[in-house]
Amino acid sequence: MATSSPHRYTTSSAVQFGPMLNKAQLNPALHFFKFSEKPTKLLPSLKQVCDEGSLREAFTSFSNLLTHQDSPKLSLDGAYSPLLELCAKKKALSEGQQVHAHLIKSCAVWDSAFLSTKLVYMYGKCGSVLNAQKVFDKMSHRTIFTWNAMIGACATNGEPLKALEIYRDMRVFGVPLDSFTFPCVLKACVAVDSLCCGEEIHGLAIKCGCGDVAFVVNSLVAMYANCNDLGAARKLFDGMKEKEDVVSWNSIISAYSAKGMSVEALGLFREMQQVGLSMNTYTFVAALQACEDSFCGKLGMEIHAAVLKLNYCFDIYVANSLLAMYVRCGKMDEAARIFNDLDDKDIVSWNTLLSGFVQNGLYEEALLLFHDMQRIGHKPDQVSLLNILAASGRLGSLLSGMEAHAYAIKNGFDSDLQVGNTLIDMYAKCCCVNLMGRAFDKMPNKDFISWTTIIAGYAQNNCHIRALELCRKAQMLGLEVDAMMVESILLACGSLKCVSLVKEVHGYATRRGLFDLVLQNAVVNVYGQCGYIDYAYRMFKLIESKDVVSWTSMISCYVHNGLANEALELCHFMKETNVEPDAIALVSALSAAASLSALVKGKEIHGFLTRKGFILEGSVASSLVDMYARCGNLKNAYNIYNCVRNKSLILWTTMINAYGMHGHGKEAIDFFRRMQNQEIVPDHITFLALLYACSHSGLIDEGKGLFEIMIHEYQLDPWPEHFACMVDLLGRANRLEEAYHFVNSMESQPTAEVWCALLGACRVHSNKELEEIAAKKILELGTKNPGNYVLVSNIFAARGRWEHVEEVRIKMKVIGLKKNPGCSWIEAGKKVHTFTARDKSHPQSSEIYQKLAQITETLEREAGYVAQTKCVFQNVEEEEKVQMLYGHSERLAIAYGLLKIPEGTPIRITKNLRVCMDCHTFTKLVSKVFRRVLVVRDANRFHHFEDGKCSCGDFW
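Residues numbered from 1 in each chain as written. Predicted model: local features only at pLDDT ≥ 70, side-chain atom pairs only at ≥ 80, totals over all residues. Heavy atoms only, no water.

Enquirer: Mind showing me how you'd approach the overall build of the protein here?
Expert: In terms of helices and strands, the protein carries 51 helices and 6 strands. Computed over C-alpha atoms, the radius of gyration of the protein comes to 41 Å, more than 25% over the 30 Å expected from 2.2 N^0.38 for 956 residues, which places it beyond the range of a compact globule. Taken along the three principal axes of its C-alpha coordinates, the protein extends 135 × 60 × 50 Å. When burial is assessed residue by residue, the protein has 51% of its 956 residues classed as buried. Taking the intrachain contacts of the protein between residues at least 6 apart in sequence as the baseline, contacts between residues at least 24 apart amount to 64%. Approximately 46400 Å² of the protein is accessible, and the part contributed by carbon and sulfur atoms is 52%. When the 99 positive and 101 negative side-chain charges of the protein are each reduced to one mean point, those points stand 1 Å apart. (Helix = DSSP H or I, 4+ residues; strand = E, 2+ residues; numbered from the N terminus. Rg over C-alpha atoms; globule rule 2.2 N^0.38 Å. Buried < 20%, exposed > 50% of the residue type's maximum accessible area, 1.4 Å probe, protein only. Contact = heavy atoms within 4.5 Å. Areas by Shrake-Rupley, 256 points an atom, 1.4 Å probe, with all protein chains shown as cover. Lys, Arg positive; Asp, Glu negative; His and termini not counted. Charge placed at Lys NZ, Arg CZ, Asp CG, Glu CD.)

Enquirer: Is there a simple way to explain the sheet that holds strand β5 (residues 942–946) in this structure?
Expert: Backbone-to-backbone hydrogen bonds join strands into a sheet, with any given pair of strands oriented parallel or antiparallel. Sheet architecture is open: 6 strands sit in the order β2-β1-β3-β4-β5-β6, paired in mixed fashion. Bordering the open sheet on either side are β2 (831–836) and β6 (949–950), each of which pairs with just one other strand. Relative to β2, strand β1 (residues 823–828) is paired through 6 bridges, and the arrangement is antiparallel. Paired with glutamate 827 across the strands is valine 832, a residue of β2. (Pairing = 2+ DSSP bridges.)

Enquirer: Quick question: what am I supposed to make of helix α50 (residues 889–900) here?
Expert: For an α-helix, 3.6 residues make a turn, and residues three or four places apart therefore share a direction. Look at α50: 17 Å from first C-alpha to last across 12 residues, which is about the 16 Å you get at 1.5 Å a residue. Counting buried positions along α50 yields 10 of 12 residues, so the element is predominantly enclosed. Within α50, burial applies to Ser889, Glu890, Arg891, Leu892, Ala893, Ile894, Ala895, Tyr896, Gly897 and Leu898. (Expected span 1.5 Å × (residues − 1).)

Enquirer: What should I look at first to understand helix α28 (residues 483–496) in this one?
Expert: Compared with an ideal rise of 1.5 Å per residue, which puts 14 residues at 20 Å, α28 spans 20 Å between its outermost C-alpha atoms and is within 8% of the ideal. Along α28, the residues that are buried comprise Ala483, Met485, Val486, Ser488, Ile489, Leu490, Ala492, Cys493 and Gly494. On its buried face, α28 is in contact with α26 (448–460), α27 (464–476), α29 (499–511) and α30 (517–529). With its phi angle positive at about 55°, lysine 497 sits one or two positions after the end of α28.

Enquirer: Where do I start with the pattern of salt bridges in this structure?
Expert: Where charged atoms of side chains with opposite charge meet at close range, the side chains can pair. Summed over all chains, the structure comprises 25 salt bridges. One salt bridge connects glutamate 738 with arginine 735, and the closest N-O pair in it is separated by 2.9 Å. One continuous salt-bridge network, built from bridges that share partners, spans Arg234, Asp238 and Lys243. (Salt bridge = Lys/Arg side-chain N within 4 Å of Asp/Glu carboxyl O.)

Enquirer: Is there a simple way to think about the confidence of the model for the protein in this case?
Expert: As a general rule, the predicted coordinates of low-pLDDT regions are not to be interpreted in detail. Within the protein, residue pLDDT values average 88, and 94% of them lie at 70 or more. Note that pLDDT drops below 50 for residues 1–44; the model gives that stretch 92 contacts with residues more than four away or on any other chain. (pLDDT = per-residue confidence, 0-100.)

Enquirer: How should the environment of histidine 560 be read in this particular structure?
Expert: Positionally, histidine 560 belongs in helix α32 (residues 548–560). As for histidine 560 and serine 588, which are separated by 28 residues in sequence, their C-alpha atoms are 9.2 Å apart.

Structure representation (structure tokens):
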């Protein structure tokens, strides 16, 4: 509280003279230098020196005046006033305190309201409200300038309530206001977000006759804008009689820019240009801030041209605003050009370009810029560090991230909350869970973002149990779980396939009203991950405003759960709702088309990608290659591969797999050699594709060699799938004893899949002894794959051991497994048609069965076809076995293909299970007798049937 009281000044060590005014200079002067009680003309040289702005020269000049015997008498006010103003201008608190101390020591008695006001003003400008208040409280007489200075000191230094208190006291004491009072008080109103108080001050300004004063109006405009009443701000601006003050224009343009109203801000800027007002730094900065996205890029360039024309390009504030504008518009080349042309770059310049590189995905460039910054000698600050940590995380560059972490520790930034949170995120993205956990544990203070980030980090790095534990701990600490944390928990639950926990989290989010669109999409996705398609679809239907992520989530659910036809239908509905698919949605659609070998659908998606200008790279390119390969069009797959400039490991692996599934093992190995020449390091998936290719092409020695290269040259520990491929490779060559020895020599326990590979080979080569061993091992180990039990059951059925067949089926029933029904798909008439065994649901079912009967009769008559009933593993009569073979899904698809697909066009069929021997023979004969090319993809590989032969060489 401001009060009036007698005063005594005291000094402390904090206000002793420094080198600018030492005791040797001070004491002699006290004996002969006297101040006049009446004001006299100020010595011009001191005023001129202070105006030039050098503190050292000003203090030297002042000392010379004190020590010079012939110095004219000066006024007390005139001698100290220039020095105090200079200290205020330079925010030189220490020097200002020295002047204050000198004033006290030099004058035994003084009570100058003028100098005291200058002291209040100086302390306020230097950020020392406490010292300003002390001077103010001890003043016996205060002028309006004193009150204004004190209110301004509080308002400027983050004490708005105290500013308003002093203003209230001022009114109580009846001090008459002047126009300079209002800007200070209005600034305090903005700080406390009090529109009501601001309106009251506005009324008083009008009453006092200050309503038309330009700088008062400018302050009022700023107050209304900051208190979210832009209408009043604009009304006030429009009501100004004279609009020749550039500050008024800057105020209203800045107001609109700050609120994101770019059109209005830039409109005013154009109007300002049209009336011919001269612009200054603040005008350009405000206008450039309004150019906030790519839509304003052209206007931003026009402002840039005006900056160049008026020669403001060397102003650091304007240059930084230009830099920021180009960054926001994504024009990083222009931003870099402006940055490079800057002679005096400040920390804002460096950080703006750093942020721009990170925001625009140019992470490598961000790292290079950061290193340049350090090399030149600019010291990175907290903002620089946050950007470089973000870039390191996006790149997955652990080394760069650790270097930045070390810099943070060395410079004391590591204890900062925001830096700590960014460190956690960086280590999470670099898949370094241990360091992520340590960074979290060492944080002195943790906020909600810290907990959300660490939980998400564990969930994303497959530490799902740990993520759930930390979520529980956060709740115990009293933290409210929000939508973002729920999303991370759902990710963990989905990966654990724990649907009961998913339902619990779903219920929690519903009760707490946390559901936003992002969380709704996440729930759809996680139910799909857990295989609960009905739940996922019901949740999808409940989303009122579906975005592209909603549609993509549901499409992905269908694709991952083997419902490719439904996925393509949903793509069609998505198109009807005018939602534009993004790259992720199109990759899911391509996967669906590939699953069904729906070449026409795949080509439609490819065409859409081309029309919309999608770049063939990354997941889009590899998905296209995979789609064409799985649709049987290896030529198009290679053409797409060939068009991609920067070929990733995934693309190389996809192409190797494409050749492998078509039985071109040597070409697959050739691709691997080319990949090695490009210095691309293969991973586990690459070798899995290679071993698969060798297996289906009978390349025994090559496969064994590649297996050794994987282990010894690339230091990759084999997965169970690699061992299964090796067993299959040896088994296909009838090297069953070697395969059995290979299984027994495995360091880890062989999985059910490994024994299944051996069992399949034993069945083909009729090795009953090893067959029995493998079947027993599979039943002992247990498996969640129904196909493994079906294989064992079929082995027993082929030997007539029906009691053992029944035991296997009962075991499957007990553990809740069902045999996947045979299903075949064929694309005809821009639609994918689905058939199951003995299916009669198709609208043209009678026509299809009639055609199939004709085909069978023709083959029996002209090619000597006889049904191989040994392929039916059911304990039924022979006649029924024949009928069961005739009703296999691929035969129905073949019949429909011969009905609907014109001659000269290959008939493409996809089956979800392995084609049986009888259907394989049947298809070969169809290709010969009806002179058609048939491309069949089963669960194992591609079969190209032509002129009675198959590309698999009758071994699949």
